[in-house]
Amino acid sequence: MNAVTDYLNQNQPRFLQELCEYLRFASVSAQPQHQPDMKACAAWLARHCRQIGLDAQVCPTAGHPIVLARTPRAGSARRPRYVVYGHYDVQPPEPFELWTSPPFEPRIEGRSLYARGSSDNKGQHFAHLKAVEAYLRTGTELPCDLTFVLEGEEEVGSQSLETFLQQRRAELKCDAIVISDTGMPGKDLPALTYGLRGIVSFEIVLRGPDRDLHSGIFGGAVDNPAMALSQMLARLRDRNGRVAVPGFYDAVVPLTAPERRQLARLPLQEAALRRLLGVPKLLGERGYTATEQRSARPTIEINGLTSGYQGEGGKTIIPAWARAKITCRLVPDQDPDRILALLRRHLKQLCPPTVRLEIVGGHGAEAYLVSPASPPAQASLRALKAAFGRQPVLLREGGSIPIVNDLKRILGADSLMLGLALPDCNAHSPNEKFDLDCFAKGQLMSAHLWRELAGT
Ligand code: BES
Ligand code: ZN
């Protein structure tokens, strides 16, 4: 083990350079103009995996390619097998003007590495790759077989990966899945995440007149789609911060008293959260703490809202259409399809007869919850403690990783979520960053993890 940790210690500057190279790809899965960058990024990643001694290939899919990389298989003995999941796609970087330095030109300041994708998720799975490199390059025997599955569609719902898992089911069968794509509450507070929220997403389009109209000549006689949409959206959440869609809470599993006590002990409660986010006052579902609201209660959010003239100055029109991008975060046992059906029905009821309603898209994923008491979970807690020198905390987090349910269903294995992102990492925001100590300790955690897991 010393050889592995020495190797990690000695090679940090090179690892950092390599990570910067990886971060230079504008691998934005949601934007069609970045398709060549997605391809180039996948090719680079596979090449890098080969350089560190893995058998790697770029696997084409109906969407963005998946990079599959395996440790060389030793002999025929059945050893424990683990899949390491990560995603090389990133969220759109806009608005560009709020970035201190360009999103795809990595910049190091103090112990922070700034770039889109640094925390979410390139830096996090790169830590695992570097730990495995340390084993392979020092000739230290890995006690298990590893397969990296690095996809390019996580930020858009992981549609191609499900088919891929089904096709490669036998090859990917494993004892557990390791994912570093979540958070930790502080630099010295490692965490095992045992729950994630699910999600449904869709777009609402309201169409009014067949073209933008002069608001003076016609205003008053025709409905304004932007006004109609605002009124509909305003009715989706009530004054107690609850989602006002009939049936929405029917299947929600209530929080238990021990869970609530545990959540109350975590850092970043109300005041600290308000300061971190720069809001004058927090808002949430009445009767729940901010930590409960953002990890274990369902929500509805407008992610984007577009209508009318967006350029400089004014333009006196009644816009022809208005659109909103909506997502709900779900908790156990809400079913995404059922929630989508409830929303459709409710929106139809709310829509006035003066505009036409269209609901576009709609995909979802269930929430995820595993026992932190299982032997693999306990092994990962030991690996976190060994690397960070502190007792890890257990988290339920509010974000979603849509594929974890498919991984469970198709491969029959639970996911161990060992996040390395800090609360101020600016994931999905301008100036995303990754902490270099979390990067180094993440590598160390991964190095310990394979021993701990294989020993269970
Ligand atoms: N890394 C996040 C998920 C995450 C973040 C989990 C923080 C727990 C804590 C992931 O990249 C992500 O952003 N997922 C999307 C999925 C969606 C686009 C279907 C999300 O949660 O919005
Ligand atoms: Zn993300």
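That block above? That's the structure.
Basis of the calculations
- Residues numbered from 1 in each chain as written.
- Chains lettered and ligands numbered in written order.
- Predicted model: local features only at pLDDT ≥ 70, side-chain atom pairs only at ≥ 80, totals over all residues.
- Heavy atoms only, no water.
- Helix = DSSP H or I, 4+ residues; strand = E, 2+ residues; numbered from the N terminus.
- Rg over C-alpha atoms; globule rule 2.2 N^0.38 Å.
- Buried < 20%, exposed > 50% of the residue type's maximum accessible area, 1.4 Å probe, protein only.
- Contact = heavy atoms within 4.5 Å.
- Areas by Shrake-Rupley, 256 points an atom, 1.4 Å probe, with all protein chains shown as cover.
- Lys, Arg positive; Asp, Glu negative; His and termini not counted.
- Charge placed at Lys NZ, Arg CZ, Asp CG, Glu CD.
- Near = heavy atom within 4 Å.
- Polar contact = N/O pair within 3.5 Å; in protein donor to acceptor, adjacent residues only side chain to side chain.
- Nonpolar A, V, L, I, M, F, W, Y, C, P; charged D, E, K, R; others polar.
- Axes fitted to C-alpha atoms, helices over the stretch in contact; angles between N-to-C directions.
- Parallel < 35°, antiparallel > 145°, perpendicular 65-115°, else oblique.
- Left-handed = near helix turned anticlockwise from the far one by under 90°.

With reference to specific residues and values, describe the overall build of the protein chain.
Along its length, the protein chain carries 15 helices and 18 strands. Taking 456 residues into account, the globule formula puts the C-alpha radius of gyration at 23 Å, and the protein chain, at 23 Å, falls close to it. The principal-axis extent of the C-alpha atoms belonging to the protein chain is close to 80 × 50 × 45 Å. For the protein chain, with 456 residues in total, the buried portion stands at 53%. For the protein chain, the share of sequence-separated contacts (at least 6 apart) that also reach a separation of at least 24 residues comes to 80%. If you sum the accessible surface of the protein chain, you get close to 20300 Å²; carbon and sulfur atoms cover 50% of it. The average position of the 54 basic charges and that of the 48 acidic charges among the side chains of the protein chain differ by 3 Å.

Describe the site of ligand 1, and please don't skip the residues or the numbers.
Within the structure, ligand 1 sits among 15 residues, and Asp120, Glu154, Asp181, Arg329 and Ser400 are positioned closest to it. Between ligand 1 and Asp120 there is a distance of 2.8 Å, counted from an oxygen atom to a side-chain nitrogen or oxygen. In this structure, His428 approaches ligand 1 through a side-chain N or O atom, which is 2.8 Å from an oxygen atom. Expressed as a share of its isolated accessible area of 520 Å², the protein-covered part of ligand 1 is 84%. Split by residue class, the shell around ligand 1 holds four nonpolar, five polar and six charged.

Any details on the packing of helix 1 (residues 2-10) against helix 15 (residues 436-454)? Residues and values, ideally.
Axis separation between helix 1 and helix 15 bottoms out at 10 Å; the angle between their running directions is 165 degrees. It follows that helix 1 is roughly antiparallel to helix 15 by the angle criterion. Judged by the sense of rotation from one axis to the other, the crossing of helix 1 with helix 15 is right-handed. Contacts between helix 1 and helix 15 involve Val4, Thr5 and Leu8 from the former and Gln443, Leu444 and Ala447 from the latter.

Keep in mind these values describe shape, not function.
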